[in-house]
Amino acid sequence: MNDSTNGHAPLRLGVNVDHVATLRQARGTRYPDVAEAARVAMAAGADSITVHLREDRRHIQDADVETLVQAGDVPINLEMALTAEMLDIAERLKPRDACLVPEKREELTTEGGLDVRGQLSAVRDALDRLHGAGIQAALFIDPDADQIEAAAEAGARFIELHTGTYADATDPGARDEQLARIVEAAAQARDLGIEVHAGHGLTRDNVASIAAIEAIVELNIGHALVADAVFMGLREAVREMRAAMDSGRRALR
Ligand code: PXP
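Note that this is a predicted model, so its numbers are computed, not measured.

Q: How should I be thinking about the site of the ligand in this particular structure?
A: Taken together, 13 residues lie near the ligand, and Glu79, Glu160, Gly201, Gly222 and His223 sit nearest. Between the ligand and the protein, one listed contact pairs a nitrogen atom with a side-chain N or O atom of Glu160 at 2.5 Å. Gly201 places a polar main-chain atom, nitrogen or oxygen, 2.8 Å from an oxygen atom of the ligand. Burial of the ligand by the protein chains amounts to 95% of its free accessible area of 400 Å². Split by residue class, the shell around the ligand holds three nonpolar, seven polar and three charged.

Q: Would you mind showing me how to read helix α8 (residues 172-191) here?
A: With 20 residues, α8 ought to run about 28 Å at 1.5 Å a step, and its terminal C-alpha atoms sit 29 Å apart, in line with that. The complete set of buried residues in α8 reads Gln178, Leu179, Ile182, Ala185, Ala186 and Ala189. Looking down the long axis of α8, one finds its buried residues gathered within 130° of arc, a one-sided arrangement. Opposite the buried face of α8, by more than 90 degrees, sit the exposed residues Pro172, Asp176, Glu177, Glu184 and Asp191. Where α8 is buried, its residues touch α6 (145-153), β6 (158-162), α7 (164-168), β7 (195-199), α9 (207-211) and β8 (216-221). After α8 finishes, the residue Gly193 shows a positive phi value of roughly 85°.

Q: Which parts of the structure should I look at to understand the environment of Asp88?
A: Looking at the secondary structure, you find Asp88 in helix α4 (residues 84-93). A residue is classified by how much of its surface remains accessible, and Asp88, at 44% relative accessible area, is partly exposed. C-alpha of Asp88 to C-alpha of Ile216: the two residues are 128 residues apart in sequence and 30 Å apart in space.

Q: Teacher, can you tell me more about α6 here?
A: For an α-helix the count is 3.6 residues per turn, leaving residues at separations of three or four pointing the same way. Burial in α6 covers these residues: Gln147, Ile148, Ala150 and Ala151. Seen end-on, α6 carries its buried residues on one side only, within an arc spanning 160°. The opening residue of α6, the one whose side-chain oxygen lies 3.1 Å from the backbone nitrogen of Asp146, is Asp144. Gly155 occupies a position one or two residues after α6 and carries a positive phi of about 90°.

Q: Sorry if this is basic, but what is going on with the packing of α6 against α8 here?
A: Helix packing for two helices is described by the angle between their axes and how far apart those axes are. Put simply, α6 and α8 touch, their axes get as near as 10 Å, and they point 20° apart. Accordingly, the angle class assigned to the pair α6 and α8 is roughly parallel. By crossing handedness, the relation of α6 to α8 is classed as right-handed. Where α6 abuts α8, its residues Ala145, Ile148 and Glu149 lie against Ala185, Gln188 and Ala189. Residues of the contact of α6 with α8, tallied by class, amount to four nonpolar, one polar and one charged.

Q: What should I look at first to understand the pattern of salt bridges in this one?
A: Here the idea is simple: oppositely charged side chains can pair when their charged atoms come close. Applying the stated criterion across every chain yields a total of 18 salt bridges. In this structure, Glu240 and Arg204 form a salt bridge, with 3.5 Å as the shortest nitrogen-oxygen distance. Remark: Arg204 occurs in the loop between β7 and α9 and Glu240 occurs in helix α11 (residues 234-250); sequence separation between them is 36 residues. Overall, Glu240 belongs to the partly exposed group, its relative accessible area being 31%. In this structure, a network of salt bridges that share partners links the residues Arg12, Glu195 and Glu218.

Q: Would you explain the nonpolar core in this entry?
A: Note on soluble globular proteins: their nonpolar side chains tend to be buried together. The biggest cluster of nonpolar side chains holds 79 residues, and the ones touching the most others in it are Leu139, Ile159, Leu161, Ile210, Ile216 and Leu219. Beyond its immediate sequence surroundings of up to four residues, Leu161 is in contact with Phe140, Ile141, Asp142, Pro143, Ile148, Ile182, Ala185, Ala186, Val196, His197, Ala198 and Gly199.

What counts and what doesn't
Residues numbered from 1 in each chain as written. Predicted model: local features only at pLDDT ≥ 70, side-chain atom pairs only at ≥ 80, totals over all residues. Heavy atoms only, no water. Near = heavy atom within 4 Å. Polar contact = N/O pair within 3.5 Å; in protein donor to acceptor, adjacent residues only side chain to side chain. Areas by Shrake-Rupley, 256 points an atom, 1.4 Å probe, with all protein chains shown as cover. Nonpolar A, V, L, I, M, F, W, Y, C, P; charged D, E, K, R; others polar. Helix = DSSP H or I, 4+ residues; strand = E, 2+ residues; numbered from the N terminus. Expected span 1.5 Å × (residues − 1). Buried < 20%, exposed > 50% of the residue type's maximum accessible area, 1.4 Å probe, protein only. Arc of directions from axis to C-beta. Contact = heavy atoms within 4.5 Å. Axes fitted to C-alpha atoms, helices over the stretch in contact; angles between N-to-C directions. Parallel < 35°, antiparallel > 145°, perpendicular 65-115°, else oblique. Left-handed = near helix turned anticlockwise from the far one by under 90°. Salt bridge = Lys/Arg side-chain N within 4 Å of Asp/Glu carboxyl O. Core = buried A, V, L, I, M, F, W, Y, C linked by side-chain atoms within 4.5 Å.

Here it is in structure tokens:
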């Protein structure tokens with residue numbers, strides 16, 4: 001517990017640096033340096049660094065994951081599709097954390113959560129392999145009661161709730177409805193003994209309501225942080241995001 005969270009469970013921040021790599025890949029340069037971004041984010045208050053090694057390698061490259069994991073100074077969370085190739089990479093590199101996400105090549109970003117119910121035995125096998133490699137593995141899922149049940153059946157110890165629909169809602173009523181789904185899903189998962197994380201589409205403006213959900217103990221945030229960094233620098237962007245999270249957390253009763 002720390003003072004900034006008013007005595008409630010502290011909320012960790014995982015900074016996703018994919019879009020630092022997007023900028024580099026846009027020109028095929030060696031800058032900006034993803035490992036340097038990870039160090040700056042950690043120094044500014046991040047608790048871990050997330051990278052999504054997509055099948056099409058559009059931003060993060062294999063060498064980025066290797067460099068970050070092998071440096072050993074920063075806890076790495078590897079977002080990965082449920083494929084044989086990605087499972088082999090995770091087992092070989094052994095990041096501290098991994099998060100299984102659905103992936104379509106044509107999508108702009110991860111759309112929707114993993115369908116755990118529809119591929120229960122494949123998810124269970126993947127979790128067994130990741131656990132066997134000593135990796136803390138999470139499932140990225142929609143705030144849906146049946147998917148959470150399925151995550152528990154698959155042996156998940158961690159889930160990350162998809163906050164994208166909440167973040168995209170422009171109508172206040174729709175946003176409140178999505179928030180209520182996330183509150184309910186987080187409580188359900190916690191009651192099943194699963195640690196709850198959340199992420200996708202979170203910004204300094206919409207993060208407070210998610211930070212105020214006590215069952216959620218970690219947020220993973222990328223795109224908005226890198227966008228803020230264009231104007232204020234990465235260090236300040238991480239600090240401001242932390243401040244917005246902490247102020248939401250203080251609103252817990
Ligand atoms: N969590 C997961 C599982 C994701 O796939 C992503 C996007 O890569 C994020 C969090 C971060 O989302 P955003 O970049 O919108 O903050």
